[in-house]
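What follows is the residue order along each chain.
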Amino acid sequence: MLNVIDRYAKEHHYKIHPTKTEIIDCSKRKSSYSWTMGGKVVKTSDCSEHLGIKRTDGKEHNFNIKERIQTARRTKYALMGSGVHEKLPKRDIWKEEIKEKVNQYWNAQLKSEARNKTSLKNMNIENLEIGKTAQVWNLQNQPRLELRKAIIKARMMTGAYILQSDKHKFTHFVAEPLCQLCNTENEDIIHMVTSCPVLSTIREKYYVEMKMEILDNIDPIKWNTFCCNKMEITQLILDCNNFKETLNISSELMTKIEEKCRNLLFQLHAKRIEVLDALNNK
Ligand SMILES: [Zn+2]
């Protein structure tokens, strides 16, 4: 048998290691037979390791499982922080700690990826947190319509709401970027939210409501300083977290502004769709 292996190895141009090769005698009555392969003596042994697994003449499974468990214990111990060794924390504390570390890791990943996405430029990335509901989805006890509004808002704030200028880019400049509603400017999110004259009636009505909510609670000087151009106003409407610090907005006020902005964007969207449908059905 050994000579067959040796011949096969020669035919296929590989070598069987002369000293690493060992024979394990699995018979009940151990013999003192001298094994040879290609004329060389192959030593016999009770236990040998092959591909990291111990091979013995019996019960090798028990042996390997025991060894694997020992390795796992050592690995787990090595992964613990040095302060944890002396006394293991209770299960719930341990779970909480692991959850926190995992969230920390994914938070960093999420933010670093999000910072490189131009489609997310109107969104406050620093405020995102794994395990915490994003403000746009904070809709506890809200009617179903509010969820529909939030979906539109989320699409707009993440650049997934397709406007004419996006179609222009996606069709490799085949589609016109010009706003189909007013034909005066390219239709991007700033145009839709702050400028399109066709949407002005809707905009004025709901924008004033939102602005009043802010000015009732915040110093107008701050408003005029930090929210004075179309881009800043768009960013505020899309994600009021962008101005949480500069305008010093409380959490309670934030919820109210979010609701007003959600409504404003939804009304603009509804009017836009209505006008576009009317144009397409002409
Ligand atoms: Zn327009």
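Residues numbered from 1 in each chain as written. Predicted model: local features only at pLDDT ≥ 70, side-chain atom pairs only at ≥ 80, totals over all residues.

1. Section: unusual backbone geometry
Most peptide bonds take the trans form, and the phi angle of most residues other than glycine is negative. For Asn141, which is not glycine, the phi dihedral falls at a positive 60°. Secondary-structure assignment places Asn141 in the loop between helix H3 (91-115) and helix H4 (144-157). In this structure, Asn248 takes a positive phi of about 55° despite not being glycine. For Asn248, the location among the structural elements is in the loop between helix H9 (230-238) and helix H10 (251-280). (Helix = DSSP H or I, 4+ residues; strand = E, 2+ residues; numbered from the N terminus.)

2. Comments concerning the packing of helix H7 (residues 200-215) against H10
In contact at an axis separation of 9 Å, H7 and H10 are set at 175° when each is read in the N-to-C sense. When the interaxial angle is binned, H7 and H10 end up roughly antiparallel. Contacts between H7 and H10 involve Ile202, Arg203, Tyr206, Tyr207, Glu209, Met210, Glu213 and Ile214 from the first element and Lys256, Ile257, Lys260, Cys261, Asn263, Leu264, Gln267, Leu268 and Lys271 from the second. By residue class, the composition of the contact of H7 with H10 is nine nonpolar, two polar and six charged. (Axes fitted to C-alpha atoms, helices over the stretch in contact; angles between N-to-C directions. Parallel < 35°, antiparallel > 145°, perpendicular 65-115°, else oblique. Contact = placed C-beta atoms within 7 Å. Nonpolar A, V, L, I, M, F, W, Y, C, P; charged D, E, K, R; others polar.)

3. With respect to the nonpolar core
Among the nonpolar cores identified, the biggest contains 30 residues, and Met192, Met210, Ile237, Cys261, Leu264 and Leu265 are the most heavily contacted of them. Secondary-structure elements contributing two or more residues to this core are H4, helix H6 (189-195), H7, H9 and H10. Of the residues forming this core, the biggest block, six residues, is contributed by H10. When residues no more than four places from it in sequence are discounted, the contact partners of Met192 are Leu163, Glu187, Leu199, Leu268 and Arg272. (Core = buried A, V, L, I, M, F, W, Y, C linked by C-beta atoms within 7 Å. Buried ≥ 20, exposed ≤ 12 C-beta atoms within 10 Å, placed from the backbone.)

4. Examining the domain arrangement of the chain
The accessible area lost on association of the parts is a frequent measure of interface size. Along its sequence, the chain is carved into domain 1 (2-66), domain 2 (95-127) and domain 3 (135-280). Between domain 1 and domain 2, the C-alpha centre-to-centre distance is 54 Å. (Domains from an automatic or database assignment.)

5. Considering the sheet that holds strand S1 (residues 22-24)
Strand order in this open sheet of three strands is S1-S3-S2, and the pairing throughout is mixed. Both edges of this open sheet fall to S1 and strand S2 (35-37), since each of them pairs with a single strand only. Each strand axis lies, on average, 45° off the axis of its neighbour in the sheet, ignoring direction. As defined by bridge partners, S1 adjoins strand S3 (residues 40-45) across three bridges and the pair is classed as parallel. Bridging from a neighbouring strand, Ile24 pairs with Ser45 of S3. Along the sheet, helix H1 (residues 2-11) contacts S2 and S3; its crossing angle with S2, the most-contacted strand, is approximately 20°. (Pairing = 2+ DSSP bridges.)

6. Examining the environment of Ile249
Secondary-structure assignment places Ile249 in the loop between H9 and H10. Judged by the 21 C-beta atoms lying within 10 Å of it, Ile249 falls in the buried class. Expressed as a C-alpha distance, the spacing of Ile249 and Ile214, which sit 35 residues apart in the sequence, is 8.5 Å. In this structure Ile249 touches Cys240, Phe243, Lys244, Met254 and Ile257, once residues within four positions along its chain are discounted.

7. Let's talk about the confidence of the model for the chain
Caution applies to low-pLDDT parts of the model: their predicted coordinates are not meant to be read in detail. Of the residues in the chain, 95% reach a pLDDT of 70 or more, and the chain-wide mean stands at 88. No element of the chain has a lower mean pLDDT than strand S5 (residues 53-56), at 74, and none a higher one than H6, at 97. (pLDDT = per-residue confidence, 0-100.)

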